Amino acid sequence: MTLKAAGRQSLVDTVVEALRSQLAAGEWQVGTRIPTEHALAEQLQVGRNTVREAVRVLVHAGMLRSRQGEGTFVVSTADPAEIMRGIQRAGIRDVLELRIALEAEAARLAALRHEPADLERMRAALDAQVELEDAEGRPHSGSLELYADHDIAFHKAVVEAAHNTALTATYGWFSSSVREALVTALDDQAMPKVVHGDHRAVLDAIAHGDPDAAERATRALLEKPKRAVEALLAGD
């Protein structure tokens, strides 16, 4: 297998893609050791330094892990960065459906595990958002981005109140796509405005330690924009 590319850095990138493809295809299973630098260099017909740099990239990406004296092992056959790029390319409906799945469970856990500081962060985000609204409950002209930031701050506070490290990290990755979709929706008069009563219902259920009510309130809050998006798509 001979790889050709213009320039050293381009060749490293080419080797990264070749190794990423082999991982995705199941060439090496999770937990197994990949071939040595020497073996990979021969297979790909590139220098060992090029292979070493490519492997370092995939270690940083979380797909491989090097163990001193033992070799390099497969951690994941899926590239987290590629997964995130897929999420960023997703449509608003897809983002909302994933939000419902993540946030409904987060609210349920938050009702069971929240701390006083978590509730304060939720309240502060909602209060800050209200300050930016006009008489019709929509963000003042020129404040849309900041308004979206406060909304995201509320939802992140709910997720963080679940005190689940994996859930918080996943939502942290996802939140940029959530924000992008929210800004788009806020700028569209066909989309429903943010209703603070719906947000307060989530907060109150969490504060009262009622996981079922917290989950229901979260689903109800996010189902409104989801139905609006589905109606717009059906109209198209």
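Residues numbered from 1 in each chain as written. Predicted model: local features only at pLDDT ≥ 70, side-chain atom pairs only at ≥ 80, totals over all residues. Heavy atoms only, no water.

A. Representation of the overall build of the protein in the model. Helix and strand counts for the protein come out as 10 helices and two strands. Taking 18 Å as the expected radius of gyration for a compact globule of 236 residues, we find that the protein reaches 23 Å, considerably beyond that expectation. Overall, the protein is about 70 × 40 × 30 Å in size when its C-alpha atoms are taken along their principal axes. The proportion of buried residues among the 236 residues of the protein is 42%. At a minimum sequence separation of 6, the contacts of the protein that also span at least 24 residues come to 69%. For the protein, the exposed area adds up to about 12500 Å²; of that, 52% sits on carbon and sulfur atoms. Averaging the positions of the 27 positive and the 36 negative side-chain charges in the protein gives two centres separated by 6 Å. (Helix = DSSP H or I, 4+ residues; strand = E, 2+ residues; numbered from the N terminus. Rg over C-alpha atoms; globule rule 2.2 N^0.38 Å. Buried < 20%, exposed > 50% of the residue type's maximum accessible area, 1.4 Å probe, protein only. Contact = heavy atoms within 4.5 Å. Areas by Shrake-Rupley, 256 points an atom, 1.4 Å probe, with all protein chains shown as cover. Lys, Arg positive; Asp, Glu negative; His and termini not counted. Charge placed at Lys NZ, Arg CZ, Asp CG, Glu CD.)

B. Fine view of the packing of aromatic side chains. The full count for this structure, using the stated rule, is zero aromatic pairs. Its guanidinium or amino end placed over the ring of Phe73, Arg67 lies 4.1 Å from that ring's centre, counting from NZ or CZ. (Phe/Tyr/Trp six-rings, centres within 6.5 Å; stacked < 30°, edge-to-face > 60°. Lys NZ or Arg CZ within 6 Å of the ring centre and 35° of its normal.)

C. Region of interest: the pairing of strand E2 (residues 71–74). Where strand E1 (residues 64–67) meets E2, four bridges bridge the pair, whose relative direction is antiparallel. By the bridge assignment for E2, Ser66 is matched with Thr72. The antiparallel hairpin formed by E1 and E2 contains three residues in its connecting segment, where Gly69 sits at a positive phi of about 85 degrees. (Pairing = 2+ DSSP bridges.)

D. Looking closely at the pattern of salt bridges. Using the criterion set out here, one finds 15 salt bridges in the structure. Among the salt bridges present, the one from Lys226 reaches Glu230, with a minimum N-O distance of 3.0 Å. You can see Lys226 and its partner Glu230 sitting in helix H10 (residues 211–235), four residues apart, about one turn around the helix. The class for Lys226 is buried, based on a relative accessible area of 13%. It is possible to trace a salt-bridge network through shared partners that takes in Arg108, Asp212, Glu215 and Arg219. (Salt bridge = Lys/Arg side-chain N within 4 Å of Asp/Glu carboxyl O.)

E. Fine view of the domain arrangement of the protein. For the protein, the domain assignment lists domain 1 (11–78) and domain 2 (90–235). The gap between the C-alpha centroids of domain 1 and domain 2 is 40 Å. (Domains from an automatic or database assignment.)

F. How the structure looks around the side chain of Ser175. Within the secondary structure, Ser175 is located in helix H8 (residues 165–186). Filtering out sequence-adjacent residues up to four positions away, Ser175 remains in contact with Ile152 and Lys156.

G. A look at the side chain of Arg138. By secondary structure assignment, the location of Arg138 is in the loop between helix H6 (116–130) and helix H7 (144–160). With residues near it in sequence (within four places) discarded, Arg138 still touches Leu132, Glu133, Gln189, Met191, Pro192 and Lys193.

H. Structural detail: the nonpolar core. With 21 residues, the main nonpolar core has Met122, Phe154, Val158, Val202, Leu203, Ile206 and Ala214 as its most contacted residues. Among the secondary structure elements, those contributing two or more residues to this core are helix H5 (92–113), H6, H7, helix H9 (196–207) and H10. For this core, the leading source of residues is H10, giving five residues. Ile206 has contacts with Ala107, Ala110, Ala111, His114, Leu119, Met122, Val158 and Ala214, leaving out every residue within four places of it along the chain. (Core = buried A, V, L, I, M, F, W, Y, C linked by side-chain atoms within 4.5 Å.)

I. Quick look at the environment of Thr72. Following the sequence through the fold, Thr72 ends up in strand E2. Among the residues examined, Thr72 registers a relative accessible area of 15% and is labelled buried. Between the C-alpha atom of Thr72 and that of Glu37, which follows or precedes it by 35 residues, the distance is 9.5 Å. Here Thr72 is in contact with Thr32, Arg33, Ile34, Val55, Leu64, Arg65 and Ser66, once residues within four sequence places are set aside.

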